[in-house]
Amino acid sequence: MKGKNIFATRWGVIGVGAFIGVLAPLLQKLGNPGNMGICVACFERDIAGAVGLHRAAVVQYIRPEIIGFVLGALIAAYIFKEYRPRVGSAPIVRFVLGVFAMIGALVFLGCPWRAALRLAGGDGNAILGLMGLTFGIWIGTLFLKKGYNLGRTQPTHAAAGWMLPLIMVGFLVLMLIFPQAEGQDKSGVFFYSLKGPGAMHAPLLLSLIAGLGIGFLAQRSRFCTMGAIRDTVLFGQTHLLSGFISLVVFAFLANLVLGQFNAGFAGQPVAHTQHVWNFAGMALAGLAFALAGGCPGRQLFLAGEGDGDSAVFVMGMIVGAGFAHNFGLASSPKGVGPYGVAAVVIGMLVCLFIGFTMRKKIA
Amino acid sequence: MAETVDARGLSCPQPVIMTLDAIKNGQDREIIVLVDTDTSKENVARAAESQGCRVNEAILEGEGYRINITKE
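Residues numbered from 1 in each chain as written. Chains lettered and ligands numbered in written order. Predicted model: local features only at pLDDT ≥ 70, side-chain atom pairs only at ≥ 80, totals over all residues. Heavy atoms only, no water.

What's the story with the overall build of chain A in this structure? I'm lost.
Tallying secondary structure elements over chain A gives 14 helices and 4 strands in all. The buried share of chain A, reckoned over its 363 residues, is 60%. Partitioning the contacts of chain A with sequence separation of at least 6, the portion at a separation of at least 24 is 80%. Per element, the accessible surface of chain A, about 13200 Å² overall, is 73% carbon and sulfur. Counting 26 positive and 11 negative side-chain charges, chain A places the centres of these two groups 9 Å from one another. (Helix = DSSP H or I, 4+ residues; strand = E, 2+ residues; numbered from the N terminus. Buried < 20%, exposed > 50% of the residue type's maximum accessible area, 1.4 Å probe, protein only. Contact = heavy atoms within 4.5 Å. Areas by Shrake-Rupley, 256 points an atom, 1.4 Å probe, with all protein chains shown as cover. Lys, Arg positive; Asp, Glu negative; His and termini not counted. Charge placed at Lys NZ, Arg CZ, Asp CG, Glu CD.)

This is the structure in structure tokens:
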């Protein structure tokens, strides 16, 4: 028996929420886009752009924070002997959920992490997003109560769990070989944004260190923004919620100190004011996260501790970002994309289909 | 007799749902829950304690843990 994990206590998860809450506005100060100190969906979308899965010129950058999240969790899992290589719980379903989670998030313009950070930066549109997120997760809990599950994982080779971490190492190495060249939109294998959010980033090393720190602590604390809402709705348990609220409160305070707080709806950074679609986009994302058992951050941390199915979900999100931009599904500050509304409707139908049909008895 | 809940390989929140179901609807006073991750171990213990159950120290077993819960 190992010693007690202090990060898994209520004060532990509150502390981790506070850590992330302070770090995200600092990363924004250091160069990351507005109210986007950290955004798992946006950053995976930027990675999709950097490798050319979509060609939206303003969102192309290999975000070191994402690399850090996975590797930080891997390091923590090995140090505390929690590395458990496992695969085989309906990976293709998790891939599809990842695709639609990303599409929903890009209709809103942010994952639950960014919804919290947008709120903490004064962006009123985030309220609609968080309401939608809660609504989507609530639908997910109804399925969970009816026996929805994707089946058991199986233990596997240690190396099988290294696949996503190794992909991240590969991205990091390639980034060092092909760094951004001044005024060039391509360097070696990667695309880089010259303007827009993709061109805004903190220095590589600082982004990577912040990501590693968050990945390490989040693995220890099991920090999860979807679980925060799900556990409250499903069990009346507010353990994870206290971490999520802590993130909002500390990000708000940090934004005040750094002069980054601007209250309002119109003209917020990387945001639109179409309330219905802010709500609906996040409802789709929330349902997909609930059916997949974790928010996009948590999926990265789980992948770091050896969960191959979470790694598949992450790949689904990255591929989903490709679809979102190539098909004109993603929103922009001007509003939803030409096919964004249709994509949200289809995504909802797909998620409902998954929720209704996958209720295997757990024998 | 103790009821055994095998939650190995199941992802969040299945182990907690199964444990709470056993606490509320099971006949036995003793419940043994098998899990394979530390996260599940913590979540199951937290949920059982919130129901007023006594949770004994989890025992390492194979690739996971065996958690012994007693309904009070």
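Read on for the rest.
For this particular structure, what's the right way to read the interface of chain B and chain A?
Size of an interface: often given as the accessible area lost when the parts come together. Across the contact, 25 residues belong to chain B and 25 residues belong to chain A. Between chain B and chain A, roughly 2100 Å² of surface is buried when both sides are summed, and carbon and sulfur atoms account for 52% of that area. Of the charged contacts in the structure, one is a salt bridge between B:Asp38 and A:Arg84, with a shortest N-O distance of 3.7 Å. For the pair chain B and chain A, the interface holds 10 residue pairs in polar contact (both at pLDDT 80 or more). For the side of chain B that touches chain A, the element with the most residues is helix H2 (residues 38–50) of chain B, which contributes 6 residues. For the side of chain B that touches chain A, a count of residues per class yields 11 nonpolar, 5 polar and 9 charged. (Buried area = accessible area lost by both parts, 1.4 Å probe. Salt bridge = Lys/Arg side-chain N within 4 Å of Asp/Glu carboxyl O. Polar contact = N/O pair within 3.5 Å; in protein donor to acceptor, adjacent residues only side chain to side chain. Nonpolar A, V, L, I, M, F, W, Y, C, P; charged D, E, K, R; others polar.)

Is there a simple way to explain unusual backbone geometry in this structure?
For residues that are not glycine, phi is negative in most cases, and the peptide bond is trans in most cases. Put simply, B:Cys12 and B:Pro13 share a cis peptide bond, and its omega is 0°. Mapped onto the elements, B:Pro13 comes out in the loop between strand E1 (2–6) and helix H1 (14–25). With a phi angle near 55°, A:Lys81 is a residue other than glycine that sits in the positive phi range. With respect to the helices and strands, A:Lys81 occurs in the loop between helix H3 (64–79) and strand E1 (86–87).

It is not clear to me how the state of the cysteines should be interpreted in this structure. Could you clarify?
Two cysteines joined by a covalent bond between their sulfur atoms form a disulfide. In this structure the tally under the stated criterion is 1 disulfide over all chains. For the unlinked cysteine A:Cys295, the closest cysteine sulfur is that of A:Cys224, found at 4.1 Å. Here B:Cys12 is not disulfide-linked; the sulfur of A:Cys224 is the nearest cysteine sulfur, at 7.1 Å. By relative accessible area, which is 30% here, B:Cys12 ends up partly exposed. (Disulfide = S-S within 2.5 Å.)

What is the right way to look at the environment of A:His272 in this model?
Within the secondary structure, A:His272 is located in the loop between helix H10 (239–258) and helix H11 (275–292). Along the backbone, A:His272 and A:Arg10 are 262 residues apart, and their C-alpha atoms lie at a distance of 35 Å.

Teacher, can you tell me more about a nonpolar patch on the surface here?
All names here are of chain A. Side chains of Val-22, Leu-26, Ile-245, Val-249, Phe-250, Phe-252, Leu-253 and Leu-256 sit close together on the surface and give an oily, nonpolar patch of about 620 Å² of accessible area. The set of elements that each furnish at least two residues to the nonpolar patch consists of helix H1 (10–29) and H10. Per-element accounting of the nonpolar patch gives the leading share, 6 residues, to H10. (Patch = residues over 30% accessible without salt bridge, like charges linked within 9 Å, V, L, I, M, F, W, Y side chains within 5 Å.)

Hey, could you run me through the nonpolar core in this one?
The nonpolar side chains of a soluble globular protein tend to be buried, and buried together. Counting 104 residues, the largest nonpolar core has A:Ile38, A:Leu97 and A:Trp113 as the members making the most contacts within it. Discounting chain neighbours no more than four positions away, the residues touching A:Leu97 are A:Tyr148, A:Leu150, A:Ala288, A:Leu291, A:Ala292, A:Phe313, A:Cys351 and A:Ile354. B:Ala7, B:Val44, B:Cys53 and B:Ala58 belong to the second largest nonpolar core, which has 16 residues in total. (Core = buried A, V, L, I, M, F, W, Y, C linked by side-chain atoms within 4.5 Å.)

What should I look at first to understand the pattern of salt bridges in this one?
A pair can form between side chains of opposite charge whenever their charged atoms are brought close. Applying the stated criterion to the full structure yields 15 salt bridges over all chains. Here A:Arg222 ties to A:Glu82 by a salt bridge, and the two come within 2.9 Å at their closest N and O atoms. One end of the pair, A:Arg222, is in the loop between helix H8 (204–221) and helix H9 (225–235); the other, A:Glu82, is in the loop between H3 and E1, with 140 residues separating them in the sequence. Taken individually, A:Arg222 and A:Glu82 each receive the classification buried, so the pair is uniform in this respect. Of the charged contacts, one joins A:Asp231 and A:Arg230 as a salt bridge, the two residues approaching to 3.0 Å between their closest N and O atoms. Exposure class is identical for A:Asp231 and A:Arg230. Each is buried. Linked through salt bridges whose partners overlap, the residues forming this network are A:Glu82, A:Arg220, A:Arg222 and B:Glu42.

Just checking my understanding: could you explain the packing of aromatic side chains for this structure?
In this description, a pair of aromatic rings is defined by centroid distance and the angle of the planes. All names here are of chain A. If you walk through the whole model with that rule in mind, you get 14 aromatic pairs over all chains. With a centroid separation of 6.2 Å and 50° between ring planes, the pair formed by Phe-289 and Phe-313 is classed as tilted. With Phe-289 in helix H11 and Phe-313 in helix H13 (residues 308–326), this pair connects stretches of sequence that are 24 residues apart. With respect to burial, Phe-289 and Phe-313 carry one shared label: buried. By way of ring pairs, the aromatic residues Phe-69, Trp-113, Phe-223 and Phe-301 are connected into one cluster. A cation sits over an aromatic face here: Lys-186 above Phe-191, 4.8 Å from the ring centre. (Phe/Tyr/Trp six-rings, centres within 6.5 Å; stacked < 30°, edge-to-face > 60°. Lys NZ or Arg CZ within 6 Å of the ring centre and 35° of its normal.)

I keep staring at the pairing of strand E2 (residues 30–35) of chain B and nothing clicks. Help me out?
Each regular strand displays side chains that alternate between the two surfaces of the sheet. All names here are of chain B. Buried residues dominate E2, accounting for 5 of its 6 residues. Bridging between E1 and E2 involves 5 bridges; their strand directions are parallel. Paired with Ala-2 across the bridge in E2 is Glu-30. For the crossover that starts at E1, traverses H1 and ends in the parallel E2, the hand is right-handed. When E2 meets strand E5 (residues 64–70), the two strands line up antiparallel, connected through 6 bridges. Bridging from a neighbouring strand, Val-33 pairs with Ile-67 of E5. (Pairing = 2+ DSSP bridges. Right-handed = clockwise from strand over helix to strand, strands pointing away.)

Just to check I follow, could you spell out the packing of helix H6 (residues 125–145) of chain A against H11(A) for this structure?
Residues and elements named next belong to chain A. Axis separation between H6 and H11 bottoms out at 6 Å; the angle between their running directions is 35°. Taken as a pair, H6 and H11 cross one another with a handedness that is right-handed. Contacts between H6 and H11 involve Asn-125, Leu-128, Gly-129, Met-131, Gly-132, Leu-133, Phe-135, Gly-136, Ile-137, Ile-139, Gly-140 and Phe-143 on the former and, on the latter, His-275, Asn-278, Phe-279, Met-282, Ala-283, Gly-286, Leu-287, Ala-290 and Leu-291. Of the residues in the contact of H6 with H11, the class split is 13 nonpolar, 8 polar and no charged. (Axes fitted to C-alpha atoms, helices over the stretch in contact; angles between N-to-C directions. Left-handed = near helix turned anticlockwise from the far one by under 90°.)

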